[in-house]
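# Commentary on secondary and tertiary structure
Below are the chains, spelled out letter by letter.
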Amino acid sequence: MSGPDTRPDAPRTATPDGLYEVTEATARSARTAPVLAALGRTGRSRLLAAMADALWADRERLAATADEETALGVPVLLAEIARTADQLRLFGRVLDEGSYLGVAVDTRTADGTAFPPVRRRLVPLGPVAVFGASNFPFAYGVAGGDTASALAAGCPVVVKEHPSHPRTCALVLAALRRAATGRGRPPTS
């Protein structure tokens, strides 16, 4: 059975965040909403693809670090990195396709009476909180499906890393920031 590395000498770097840090992180995240909106669907799709590429390029280092912290095993972790990169790419394809917006234009009532068009579509509402899991440091962590879907929708993200693998979380965040900066956008918090 494997799980988080509980050896007394296992490296740990994280310290719990307080209310001030959470408030600041949420405020910084909210300020990135216009940046995500300015990217549009195509830009967010490209951003997600760049993030997937960055994770994949760093996969050996990411898996080795995660194994040191979690003892889940490098082969399992490499598969999870592949899954995470695929999730990022999948949400990029969903953006490209566009039906997730739920666009509808109503021009008539149920009995057929005409009225001025009413347009409806889904829009991002604001920052999303993601809490990392101990047993899936990639797929349910900093770059996992929750983060991918929020970014795809145009919502900024605040991630609470899991204390079992802080160095892994930091490396994933660094890869995502490199990808964001490489797309001509400022890195998010």
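The preceding data block contains the structure.
Here's a quick rundown of the structure. This is a predicted model, so every value here is computed, not measured.

### Some details on the packing of helix 3 (residues 59-70) against helix 6 (residues 166-182)
- As a packed pair, helix 3 and helix 6 sit with axes 8 Å apart at the nearest point and diverge in direction by 160°. Looking at the two axes, helix 3 sits roughly antiparallel to helix 6. Crossing of helix 3 against helix 6: the hand is left-handed. Within the contact between the two elements, helix 3 uses Arg-61, Leu-62, Thr-65, Ala-66, Glu-68 and Glu-69 and helix 6 uses Pro-166, Arg-167, Thr-168, Leu-171 and Val-172.
- Tallied by class, the residues present in the contact of helix 3 with helix 6 amount to five nonpolar, two polar and four charged.

### Topic: the pairing of strand 2 (residues 114-120)
- Burial analysis of strand 2 places just zero of its seven residues in the buried class, which makes it a mostly uncovered element.
- Sheet analysis places strand 1 (residues 104-108) next to strand 2, joined by four bridges and oriented antiparallel. Note that in strand 2 the partner of Asp-106 across the bridge is Val-118.
- Counting the residues that bridge the hairpin from strand 1 to strand 2 gives five residues, and of these Gly-112 lies at a positive phi of roughly 95°.

### Some remarks on the packing of aromatic side chains
- The final tally for this structure, using the stated rule, is one aromatic pair.
- Across the ring face of Phe-136, the terminal group of Arg-83 is positioned such that the distance to the ring centre comes to 6.0 Å.

### Considerations on helix 6
- Between its first and last C-alpha, helix 6 extends 24 Å over 17 residues, near the 24 Å set by a 1.5 Å rise per residue.
- When helix 6 is considered as a whole, its buried residues turn out to be Pro-166, Thr-168, Cys-169, Leu-171, Val-172, Ala-175, Leu-176, Ala-179 and Ala-180.
- Of the surrounding secondary structure, the elements contacted by the buried residues of helix 6 are helix 2 (33-57) and helix 3.

### Looking at the nonpolar core
- Ranked by size, the top nonpolar core spans 35 residues in total, and within it Leu-48, Met-51, Leu-55, Leu-62, Leu-88, Phe-138 and Val-172 carry the most contacts.
- Contributions of two or more residues to this core are made by helix 2, helix 3, helix 4 (74-97), helix 5 (145-153) and helix 6.
- By residue number, the principal contributor to this core is helix 2, which donates nine residues.
- Contacts of Leu-55, omitting those with residues within four sequence positions, involve Leu-62, Ile-81, Thr-84, Leu-88, Ala-143, Val-172 and Ala-175.

### Quick notes on unusual backbone geometry
- Of note in this structure, Ala-71 is not a glycine but carries a positive phi near 60°.
- For Ala-71, the location among the structural elements is in the loop between helix 3 and helix 4.
- We classify Ala-71 as partly exposed; its relative accessible area is 37%.

What counts and how
- Residues numbered from 1 in each chain as written.
- Predicted model: local features only at pLDDT ≥ 70, side-chain atom pairs only at ≥ 80, totals over all residues.
- Heavy atoms only, no water.
- Axes fitted to C-alpha atoms, helices over the stretch in contact; angles between N-to-C directions.
- Helix = DSSP H or I, 4+ residues; strand = E, 2+ residues; numbered from the N terminus.
- Parallel < 35°, antiparallel > 145°, perpendicular 65-115°, else oblique.
- Left-handed = near helix turned anticlockwise from the far one by under 90°.
- Contact = heavy atoms within 4.5 Å.
- Nonpolar A, V, L, I, M, F, W, Y, C, P; charged D, E, K, R; others polar.
- Buried < 20%, exposed > 50% of the residue type's maximum accessible area, 1.4 Å probe, protein only.
- Pairing = 2+ DSSP bridges.
- Phe/Tyr/Trp six-rings, centres within 6.5 Å; stacked < 30°, edge-to-face > 60°.
- Lys NZ or Arg CZ within 6 Å of the ring centre and 35° of its normal.
- Expected span 1.5 Å × (residues − 1).
- Core = buried A, V, L, I, M, F, W, Y, C linked by side-chain atoms within 4.5 Å.

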